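# An overview of the molecular structure
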Amino acid sequence: MIKNNSGVKSATGLTGSGTRDWMVQRISAIVLAVYSIVLLGFFLTHGDVTFLEWSSFMYSLPMRLFSLVAILALAGHAWVGMWTVFTDYITSGKMGESATKLRMVLQTFMILAILVYLFWGIMIFWGNGFGVIAV
Amino acid sequence: MKSNRPIDLPLSQVISVNRSPIAIASILHRISGIILFLLIPVMLWLLQTSLASPESFLTVFDNVFLRFLAWIFVAATAYHFVMGVKHLFADNGQNEELKSARTASFVSFVIAAILIVASFVWVMF
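Throughout this description, residue numbers start from 1 for each chain and increase along the sequence as written. Starting at A for chains and at 1 for ligands, labels are handed out in the order in which the entities are written. For a predicted model such as this one, the threshold for reporting local features is a pLDDT of at least 70, and the threshold for listing and counting side-chain atom pairs is 80 or more; totals across whole chains, interfaces and linings nevertheless cover every residue.

## Points about the interface of chain A and chain B
Once C-beta atoms have been placed from the backbone, residue pairs whose C-beta atoms lie within 7 Å are recorded as contacts. With 25 residues of chain A at the interface, the matching set in chain B holds 26 residues. Note on residue classes: Ala, Val, Leu, Ile, Met, Phe, Trp, Tyr, Cys and Pro are nonpolar, Asp, Glu, Lys and Arg are charged, and everything else, Gly too, is polar. Its residues assigned to classes, the side of chain A that touches chain B shows 16 nonpolar, seven polar and two charged.

The following block contains the structure:
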């Protein structure tokens, strides 16, 4: 096993600190858990949900704020989670020397995807004329 | 400290050796997380479309295929949620011994299975 003395723990982790990534994972998990329960509660109390009920609930100020926090939590949670999966399985020990390159490429796409989802999610709740798209 | 423990076993070998419910609960937690990550764009699109207009709302809620995709997301969320809670208990030092961890995994499987089946009936019908 090669010891890492570079001073850089991980270039592709979320915060550059394992402890902080760990905390982000837990806090975001709790935010997302509460958000899921709130959505579940809405659907359980609205049997045959109508567009008006759904949109007035989701576009109410509390839900727009909570959704913003949940999207931020999702971005952090997904980043740390996918980083963990990539660095556990796509390693040179498991796959040979090409693993590092492959992992960097995958992580780059993962980070780009998260940024797109983050801004897209914010746009849905806070965009100008939010939600108006042609179907 | 010198250790002769094998490191970097291929995942297939790890799974073939370790078939305890603890290990299976753990790897499925990761797999469900990957599924959720891949389905984020689908769910954002569904969310945006369902909120855009009464007509587009109906195209989402009346489409069996889209409902099925939504169920996959709900099922993966349910599993990931239950195992995540188990994880938070473990962070707190609970259910970390072999026997208690096995019991916790088994209980989590049962809860997750109930939620997954219930959500299928609920989302699809």
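From this point on, the discussion continues.
## What to know about unusual backbone geometry
Residues and elements named next belong to chain B. Of note, N95 is a non-glycine position whose phi angle comes to about 60 degrees, a positive value. Strands are runs of DSSP state E lasting at least two residues, helices are runs of H or I lasting at least four, and both sets are numbered from the N terminus onward. Residue position: N95 is located in the loop between α4 (64–91) and α5 (98–124). Between the buried cut of 20 or more and the exposed cut of 12 or fewer other C-beta atoms within 10 Å of a residue's own C-beta lies the partly exposed class, and all C-beta atoms are placed from the backbone. Judged by C-beta crowding, with 19 C-beta atoms within 10 Å, N95 ranks as partly exposed.

## As for the environment of V80 of chain A
All names here are of chain A. Locating V80 in the fold gives a position in helix α3 (residues 61–89). The sequence separation of V80 and L118 amounts to 38 residues, and the corresponding C-alpha distance is 15 Å. Aside from chain neighbours lying at most four places away, what touches V80 is L14, D21, V24 and Q25.

## Comments concerning helix α5 (residues 99–126) of chain A
Because an α-helix completes one turn every 3.6 residues, residues spaced three or four positions apart along the sequence face the same direction. Here α5 of chain A spans 40 Å end to end across 28 residues, near enough to the 40 Å set by a 1.5 Å rise per residue. Those residues of α5 of chain A that are buried lie in contact with α3 of chain A together with α2 (21–52) of chain B. In a helix, the anticipated span is given by 1.5 Å times the number of residues less one.

## Some thoughts on the nonpolar core
Membership of the largest hydrophobic core comes to 30 residues, with the highest contact counts inside it found for L74, A78 and W79 of chain A together with A78 and Y79 of chain B. Counting residues per element, the ones that place at least two in this core are α1 (18–45), α3 and α5 of chain A together with α2 and α4 of chain B. Beyond its immediate chain neighbours, meaning those up to four positions away, Y79 of chain B contacts L28, S32, A112 and I116 of chain B. Counting residues in each nonpolar core, the second largest holds five residues, with M58 and F125 of chain A together with L51 and A52 of chain B among its members. Any set of buried Ala, Val, Leu, Ile, Met, Phe, Trp, Tyr and Cys residues joined through C-beta atoms within 7 Å is what this text calls a nonpolar core.

## Let's talk about the confidence of the model for chain B
Looking at any residue, its pLDDT shows the predictor's confidence there, from 0 to 100. When the pLDDT values of chain B are averaged, the result is 90; 96% of them are 70 or greater. On the interface metric, ipTM, the complex scores 0.89, and its pTM is 0.88.

## Here we look at α5 of chain B
All names here are of chain B. When the terminal C-alpha atoms of α5 are compared, their 38 Å separation across 27 residues agrees well with the 39 Å that a helix rising 1.5 Å per residue should span. Among all positions in α5, only A104, S105, S108 and A112 are buried. Buried residues belonging to α5 abut α2 and α4.

## Regarding the packing of α2 of chain B against α5 of chain B
All names here are of chain B. Lines are fitted to the C-alpha atoms to define the axes, a helix being fitted only along its stretch in contact, and any angle between axes, read from their N-to-C directions, falls within 0 to 180 degrees. Between α2 and α5, whose axes approach to 8 Å, the crossing angle comes to 50 degrees. When the axes of α2 and α5 are compared, the pair comes out oblique. The way α2 lies across α5 gives a crossing that is left-handed. Between α2 and α5, the contacting residues are P21, I22 and A25 on the first element and A101, R102, S105, F106, S108 and F109 on the second. Partitioning the contact of α2 with α5 into residue classes produces six nonpolar, two polar and one charged. Oblique is the label for any angle not under 35 degrees, not over 145, and not in the 65 to 115 range, which are roughly parallel, roughly antiparallel and roughly perpendicular in turn. A crossing counts as left-handed when the near helix is turned anticlockwise from the far one by less than a right angle, and as right-handed when that turn is clockwise.

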